[in-house]
Each structure stands twice: as structure tokens, then as C-alpha cells.
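Given next are the chains, with one letter for each unit.
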Amino acid sequence: MNIVTTASSDIIIPVPVSLVQKKGFFNLNRETKIYYPSSNLDNDFTARYLQHHIKSITGYDLQILSTENFYEKGNIYLILQNEVANSNPESYELSITENSINIISDNSEGLFRGVQTFIQMLFPLKNKIDLAANYIQIPNVEIKDYPRFQWRGVMLDVARHFFGVNDVKKLIDLIALYKFNRLHLHLTDDQGWRIQINSWPKLTEIGGSTQVGGGAGGFYTQKEFAEIVEYAKKRFITIVPEIDMPGHTNAALASYPELNCDGVAPELYTGIKVGFSSLCIDKEITYDFIKDVIREVAELTPGSYIHIGGDEAHATDSVKYIKFMERVQEIVNSNNKKMIGWEEITQSKLNPTSIVHYWRKADYVLAGIKQGNKVIMSPSSKVYMDMKYNPNTELGLNWAGYIEVSDSYNWDPSTQINGLNEKDILGVEAPLWTETILNFSDIECMLFPRLPGVAEIGWSPNEKRIWDEYKIRLSNHGKYWEKIGLNFYKSPQINWE
Ligand code: ACM
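Residues numbered from 1 in each chain as written. Predicted model: local features only at pLDDT ≥ 70, side-chain atom pairs only at ≥ 80, totals over all residues. Heavy atoms only, no water.

K.L.:
Is there a simple way to think about the overall build of the protein chain in this case?
P.N.:
Of the regular secondary structure elements, the protein chain holds 14 helices and 18 strands. Taking 497 residues into account, the globule formula puts the C-alpha radius of gyration at 23 Å, and the protein chain, at 23 Å, falls close to it. Referenced to the eigenvectors of the C-alpha coordinate spread, the extents of the protein chain come out at roughly 75 × 50 × 45 Å. Residues classed as buried in the protein chain amount to 61% of the 497 residues present. Surface summary for the protein chain: the accessible area is close to 18600 Å², and the carbon and sulfur share equals 49%. Side chains of the protein chain give 49 positive and 61 negative charges; the mean places of these two sets differ by 3 Å. (Helix = DSSP H or I, 4+ residues; strand = E, 2+ residues; numbered from the N terminus. Rg over C-alpha atoms; globule rule 2.2 N^0.38 Å. Buried < 20%, exposed > 50% of the residue type's maximum accessible area, 1.4 Å probe, protein only. Areas by Shrake-Rupley, 256 points an atom, 1.4 Å probe, with all protein chains shown as cover. Lys, Arg positive; Asp, Glu negative; His and termini not counted. Charge placed at Lys NZ, Arg CZ, Asp CG, Glu CD.)

K.L.:
Sorry, what's going on with the state of the cysteines here?
P.N.:
Two cysteines form a disulfide when their sulfur atoms are joined by a covalent bond. Taken as a whole and assessed by the stated rule, the structure comprises one disulfide. Residue Cys261 pairs covalently with Cys280 via a disulfide, S to S 2.0 Å. Taking the sign of the S-S torsion, about 100 degrees here, the bridge from Cys261 to Cys280 comes out right-handed. You can see Cys261 sitting in the loop between helix 6 (250-255) and helix 7 (284-300) and its partner Cys280 sitting in the loop between helix 6 and helix 7, a full 19 residues away along the chain. (Disulfide = S-S within 2.5 Å.)

K.L.:
Explain the pattern of salt bridges here, please?
P.N.:
Between side chains of opposite charge, a pair can form when the charged atoms approach closely. Tallied over the full model, the rule gives 22 salt bridges. The salt bridge involving Glu227 is made with Lys169; its shortest N-O contact spans 2.7 Å. Here Lys169 lies in helix 3 (residues 165-176) and Glu227 lies in helix 5 (residues 222-234), a separation of 58 residues in the sequence. Residue classification places Glu227 among the partly exposed residues on the basis of a relative accessible area of 36%. (Salt bridge = Lys/Arg side-chain N within 4 Å of Asp/Glu carboxyl O.)

K.L.:
How should the pairing of strand 15 (residues 338-342) be read in this particular structure?
P.N.:
Regular strands place their side chains on alternate faces of the sheet. Of all five residues that make up strand 15, four are buried, and the element is covered over most of its length. As paired strands, strand 14 (residues 305-309) and strand 15 are joined by three bridges and run parallel to one another. Bridging across to strand 15, Ile306 finds its partner in Met339. Between the parallel elements strand 14 and strand 15, the chain passes through helix 8 (residues 318-334) in a crossover that is right-handed. Across three bridges, strand 15 lies against strand 16 (residues 355-358) in parallel orientation. When the bridges of strand 16 are listed, Ile340 appears paired with Ile355. (Pairing = 2+ DSSP bridges. Right-handed = clockwise from strand over helix to strand, strands pointing away.)

K.L.:
Would you explain the packing of helix 3 against helix 5 in this entry?
P.N.:
Between two packed helices, the angle of one axis relative to the other and the distance separating the axes together describe the packing. Their axes nearest at 10 Å, the elements helix 3 and helix 5 cross at an angle of 15 degrees. Classified by the interaxial angle, the pair formed by helix 3 and helix 5 is roughly parallel. Between helix 3 and helix 5 lies a crossing of right-handed hand. Contact residues: helix 3 offers Val165, Val168, Lys169, Ile172 and Asp173, while helix 5 offers Glu224, Glu227, Ile228, Tyr231 and Ala232. Grouping the amino acids of the contact of helix 3 with helix 5 by side-chain chemistry returns six nonpolar, no polar and four charged. (Axes fitted to C-alpha atoms, helices over the stretch in contact; angles between N-to-C directions. Parallel < 35°, antiparallel > 145°, perpendicular 65-115°, else oblique. Left-handed = near helix turned anticlockwise from the far one by under 90°. Contact = heavy atoms within 4.5 Å. Nonpolar A, V, L, I, M, F, W, Y, C, P; charged D, E, K, R; others polar.)

K.L.:
Please explain the sheet that holds strand 17 (residues 374-377) as it appears in this structure.
P.N.:
Hydrogen bonds between backbone groups are what pair the strands of a sheet, and the pairing can be parallel or antiparallel. Reading around the barrel, the eight strands line up as 9-10-13-14-15-16-17-18 and close back on themselves, with parallel pairing between neighbours. Sheet twist, expressed as the average angle between the axes of neighbouring strands with direction ignored, equals 30 degrees. Helix 8 contacts strand 13 (238-245), strand 14 and strand 15 of the sheet and is inclined by roughly 145 degrees relative to strand 15.

K.L.:
Teacher, can you tell me more about the packing of aromatic side chains here?
P.N.:
For any two aromatic rings, the description comes down to two numbers: the centre-to-centre distance and the angle of the planes. Under the defined criterion, the tally for this structure stands at 26 aromatic pairs. Ring centres 3.9 Å apart and planes at 5 degrees place the aromatic pair Phe123 and Tyr480 in the stacked group. One end of the pair, Phe123, is in the loop between helix 2 (108-121) and strand 8 (135-145); the other, Tyr480, is in helix 14 (residues 467-484), and 357 residues separate them in sequence. In terms of burial, Phe123 and Tyr480 fall into one category: buried. Here Trp467 and Tyr470 contribute two aromatic rings whose centre-to-centre distance is 6.1 Å and whose plane-to-plane angle is 35 degrees, an arrangement assigned as tilted. With Trp467 and Tyr470 both in helix 14 and three residues apart, the pair spans about one turn of that helix. For Tyr470, a relative accessible area of 0% corresponds to the buried category. Among the aromatic side chains, those forming a connected cluster through ring pairs are Tyr178, Phe448, Trp481, Phe488 and Trp496. (Phe/Tyr/Trp six-rings, centres within 6.5 Å; stacked < 30°, edge-to-face > 60°.)

Below you can see the structure in the form of C-alpha cells.
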């Protein structure tokens, strides 16, 4: 008995650059082996990751073999070779014929991305009943693929509600399947400080002790944060830590009276209004504090970026804000990191390496590109994953509007802002703010099914993104989400049958 999977053209998200469906099938069975190049540990991880996903979807527990010589037919081969004529480190080729499944890249990152494409081909297989099958027929296909943008991010706000290490790891695994390569963690805000800073321990002792609604809050020890960084790195995802300043700082101000201009610590804050707090930009101790925090966070962060927020500093003198951000930029750069800030930072004089994070105001972004800065696109009316789908959505907010699946899919970064061009854009990011998000099931419900669409905007050529075709592919992903018990919103725009 055999089972035939759906054609790849009806499954893969993000849609590949080139996909040619061919006649015939590869027969995947219990005897199929996974071969991978023995040259490095990254590939060892990727082979095991593939084995794990094949097992969890099909029940087949395939053997893995490490070798430099692939002669035997009938298997899955992860191949590192310099024949993928594309300088992009994430590019890969995937070819399925009667004889073999070949995933080929110049390097380990591309192999990992290609493996995600193959795993998705198994998504529509219904459930463990498939175990009765002697083999699974996977339609032959030739895929060549690489990303449109180098930055494809998701942001999780762990400040308003705290999410522990296991939740973050679960999120990393979900976003890896869609070829995201950045996880931005919004680590500090008025309601909580979530990363241990050894030189300022009260930040977490006091500032980490609560959250929106008054719950217990929490924080990552440095060891736990390092564990998250490593877990993400194995999946070729860079953790981008955000320490928001000078506003959104009540948790820090409540922890240390000396950081306040009047020397008096405010109460901890568990509401959801914004824009009332500010570091004291006239006090030198503020800069000592920032230097210590950025130094410790930079030491924990192998990635190139530190996000310093800079948004909604309504309680900060606007002239002093400009100088403040320039000083912060120096501190970040002196730790060998590139500074990222929300769009408001373009009021300051920025170094060309600094990155502008768009969320609402085009004028700020245009001021940034005039200074030579690149832009991450997170238009709140399209990709703020905390916005409700419609007026009946239980969770979320609606200040940027209601965002149905089609709204978050049908837009293009390079035509979003007049005067902003493809070359100015580093990529896209989908933020999830957590005023109303209490647990992982809530996270799932807001991210799915919108998030795969953002992944596709970030990866796929614009002309390949066709809503009517995307709807079919998304529906096939729904079959997998059902199988793994993911709590996704059953948008009426999609036929989930
Ligand atoms: C933001 O939504 N305050 C960046």
C-alpha cells in the first residue's frame, strides 16, 4: 500500500523562486536513509532535525549516515557543494527524482533552509493512520530557491507578559519551518525587565517581579538567555535583544531610585498605557547604567545587532532625546554591535550601520534612508500580530486596525512607502506585543495563520506571490497544524477542509 502526498506546488511556504513539478515519484519508506556530509556539526544537527520531523509526521524512523561518498541510490542526500551558483548563503536546490532526494547548498545554512522545504512536503499526510503505508510517494520536483530579503524576523514581547525558555524554544521551532532567520526579543518595558544584568541585579529582582495584570512575571538568567541564543543559532536564527530606552523604562526606574531625576523610584506598573516613563537623561549615572547593560547583553549575544527601542519617548524632552540616542549609538557601536531602533531614532544623527525599524510613520523612515540607513519593515496595519483579525477576535488590540489573513499577505515592502526602494530595505519583521497574550496557545492563535504570509513576503519574489494559490498552500499547512494541536484562527478566507 502506498500514500501519495500533495504536489509541492500546493504546499511550500514561502513559495520558492523556481519550482518545476515533474512526472513520477520518489518512494519514501522505512528503509530510506539520510546521508549528510561529515564535515561539520551544523550538518549533523540538520540531519537529525530532518530525521526528527520525518518521524513525527510519518512515523518512519530513518537511519542517518555521515559520509563524503553518496553512491547508493534511493535515499535522502544532504549535499554541500559549490555548484549552487548564487552567493546568497541561504540559497539551496532541492531535487526529487525516482532515484533520490537531493538537498544541495554551498553551505550549512542553505542546507537547513532546504530541509524546511522538504519537511513541508510531508505536511498534508493526515495522521498516524499513514503508518500502515509501506511507502509514501513524493512527486518529483526541481526547486531552486533563495531569499528576497536578508532579514526575516519575528518579535516577541516578553516584557508585558513573560514567556519562559520552553515557550521561546517552541516559537523558534515554529518559525524555523517558515525560514525566518531573526527572533527579536523585546526584553524590557514599563511592565517588566526580563534579562539578568549582573551589575544591576535589582532590575530583575524588582523589575522582573510582575507583569501586565499583576502576575508573577519572571526573567531569563544569563545562562537561560545563552541557552535560547544557542537553540536559535542551531536553527540559523539570530536572537536580537531589545533594551527599550529612554521611554518604556518604568520597570528599571522602579528598581533603582537613582535612575530617576527626582531620586524617587515609582511603583511597579501592571497596566497597558504607554509613553509616561523616561530615563533621566541629564544624569551621568544613566549612561553608566546603559554602558553596563549594553556590555552584558552584547557579551551574551553573538549576533551583530542590539535593538535599543527609542519609540514613544513622550515623557522625554524632544531635543535631549536626539543627543541621548547619539550617545546610546556610540555605546552600542563601542561594543562592536550595530544599533537598531524604532523609526523615531532617525531624529538623531545616525551612523550608516544603524538600522531603522519602521512601524508607523513614513517620514521618520525617509529621514533614515537620507542618512544612508537600511530599514526593517513592520507596518503596524499589516504585520502587528497583536492586532485582532476582526471585531469578534477575543485576544489582541485594534489601534492599527483589524488584520485578516489577506491584509497581512497582500502588500509589498518596496511599494509600502513612497520614496523607499527595494535597496533600502533590509527585510520584514512581524512583532507580537503581549498586552493581552497570556500563554503559548494565545501566541499561536495570533501568529497563525498570518505569520507564514509574512515569511513569504520576506523570502519570495513578489511576482510569485499569488493570493489564490497561497490560500491552497495555507490550507495544506492547516492539516499539519491540526495534527500537532496548534491553536490557529480558522479564518473564513481559507477553505480548511
Ligand atoms: C511600537 O509599537 N511602539 C514600536
